[in-house]
Amino acid sequence: MSQAFLSRLTETLAQIEADGLTKRERLIASPQGGHITVQGREVINLCANNYLGLADHPALIAAARDEMETRGFGMASVRFICGTQDIHRELETALARFLGMEDSILFAACFDANGGLFEPLLGEEDAVISDALNHASIIDGIRLCKARRYRYANSDMADLEAQLQKARAEGARSIMIATDGVFSMDGYLAKLPEIRALADRYDAVVMVDDCHATGFMGPQGRGTPAHANTRVDILTGTLGKALGGAIGGYVAGPQPVIDLLRQRARPYLFSNSLPPAIVAAGLAALKLVEQGDDLRARLFENARYWRAGLEALGFDLLPGEHPIIPVMLGEARLAQEMAARLFEEGVHVSGFFFPVVPHGRARIRTQMNAALTRADLDTALAAFAAAGKATGVLQ
C-alpha cells in the first residue's frame, strides 16, 4: 500500500478529530427498542427510527424465523436470474395496495431505491428539480442520471416555480420534482399540496421519499401524501424504520415506471434479493401497521408530551408536528458533550453535526417511539435537565 496514500488518509482523520467531527459508535448488546443495553447498562433510547416500536415485536421475529425454516437463509442471486420467490411479489403487491399505487419494486435499501430510480426514467433531454434539503440518497441518485439538474430552496414554492419555468424555457422533455416527504434532520414536512399544484401547472412528475413517514403519518400510516390528502406519482420508502427496522427499500408508482425499473435499475439488477426472513417480516409489519391506530396515537401523544417538556426546560427546538424533535445546540463539540452527559444519565442519543447538518447547526435529534412510556419520558426529561445544566446549555 502506498505510504503517501495512507498518510493522506491519516491526516484527514486527524483533522476530523481536531474539528470535533469524529463519529463514534456505541455497541448495543440487546434488541433494538425503547430500552437498549449499551456498555453493560440499560438506557432509554431516544434516537432510533423505530417509530412504532416494531423492531423487536414477537410477530416479526416469529415470521422471520418461520420463513427461514421453510424458505432458507438467503437467495444467493439477483431477482431476474433465480432470486425471486413468490413472497417477494406478495410483499411488492401488498406495499402497492397499502400505498395506493399500481405496483412496487423491492431494493436492498431505500438508498438503493433512490440510487436506481432516476437514471432509467430520465435522459439528457429531461430535467429533475430537487429540494435543497433532500436526503443524500436522492442527491446521489440524481447525480447518476443525465437529466439537467435544478435545485430549489427548502420548501420555497416561489423558487420551485422559478426552477420549473427555467426547465420549461430550456426545453425539458419531462420534468420530475424530487422531495423528501419528511426532512429527516429537521422533522419538517414537505408542502405536498403546493408541490402537486405546481407540478400539474407545469406538467411535472412528483417523486417523494417517504422513509420517515410510512407506517405512522396519515390515515393508517399511509405516509405524507395521505397525511396531506395529496396525490403523488412515485413514492420511495423503507422497511428499515417504522416497518420493522431491518433493511429493504422500495419504489411504488405507475406500472410503466415499475416495469422499466425492473428492466434497467442497476441496484435492482446487480444486488442480491432480499432474504426471505426480511420479506416475511415486512409482510407481518404491514399487517400490524394497518391495524396500528393505537400505536400511532401513542407515538404522537409521546411526541406532544416530549416537545412540551423540552420547551418547558428551555431548550431550543425546531417547530413541527413530526416525532423527530431536534434539540438545537450549534457546535459539534457541544452536541457530542451533551450526548455523552446524557448517556451518563441513562439516555442514549447521538449528536448530529457536519457533514450531516451544516456547520453551526449541530443538534441532538430526538425521536419518539410508541414503545416509550410516560415514566420513560419523565426520566429522560430529568436527564436532559441535568445534562443541559452540566454543559451550560441551560442556565
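Below, the structure is looked at part by part.

The rules we used
Residues numbered from 1 in each chain as written. Predicted model: local features only at pLDDT ≥ 70, side-chain atom pairs only at ≥ 80, totals over all residues. Heavy atoms only, no water. Buried < 20%, exposed > 50% of the residue type's maximum accessible area, 1.4 Å probe, protein only. Helix = DSSP H or I, 4+ residues; strand = E, 2+ residues; numbered from the N terminus. Arc of directions from axis to C-beta. Contact = heavy atoms within 4.5 Å. Core = buried A, V, L, I, M, F, W, Y, C linked by side-chain atoms within 4.5 Å. Salt bridge = Lys/Arg side-chain N within 4 Å of Asp/Glu carboxyl O. Pairing = 2+ DSSP bridges.

### Comments concerning helix α6 (residues 136-143)
Right, so step 1: Taken residue by residue, α6 has Ser 137, Ile 138, Gly 141 and Ile 142 as its buried positions. Across the axial projection of α6, the buried residues extend over an arc of 135 degrees, all falling on one side.
Right, so step 2: Buried residues in α6 make contact with α5 (110-121), β4 (127-131), β5 (148-152), β6 (175-180) and β9 (204-209).

### Some details on the nonpolar core
Right, so step 1: If you look at the biggest cluster of nonpolar residues, it comprises 92 residues, and the most contacted ones within it are Leu 46, Trp 306 and Phe 384.
Right, so step 2: At nine residues, the largest contribution of residues to this core is made by helix α12 (residues 276-290).
Right, so step 3: Trp 306 has contacts with Leu 46, Ile 325, Thr 366, Met 368, Leu 377, Ala 380, Leu 381 and Phe 384, leaving out every residue within four places of it along the chain.
Right, so step 4: Ranked by size, the runner-up nonpolar core spans 24 residues in total, among them Phe 107, Leu 122, Ala 178 and Cys 211.

### Focus: the pattern of salt bridges
Right, so step 1: Under the definition given, this model contains 22 salt bridges.
Right, so step 2: Its salt-bridge partner being Arg 143, residue Asp 140 comes within 3.1 Å of it at the nearest N-O pair. Highlighted residues: Asp 140 and Arg 143, both in helix α6, separated by three residues, approximately one helical turn.
Right, so step 3: Judged by its relative accessible area of 54%, Arg 143 falls in the exposed class.
Right, so step 4: Salt bridges sharing partners connect three or more residues here, namely Arg 79, Arg 89, Glu 92, Asp 103 and Arg 262.

### Some words on the pairing of strand β2 (residues 41-45)
It is a general feature of regular strands that their side chains alternate between the two faces of the sheet.
Right, so step 1: The pairing of strand β1 (residues 35-38) with β2 spans four bridges and is antiparallel. Pairing of Ile 36 across the sheet is with Val 43, part of β2.
Right, so step 2: The loop that links β1 with its antiparallel partner β2 comprises two residues; one of these, Gln 39, has a positive phi angle of about 50 degrees.
Right, so step 3: Looking at chain direction, β2 and strand β13 (residues 347-348) are connected through two bridges and run parallel. By the bridge assignment for β13, Ile 44 is matched with Val 347.

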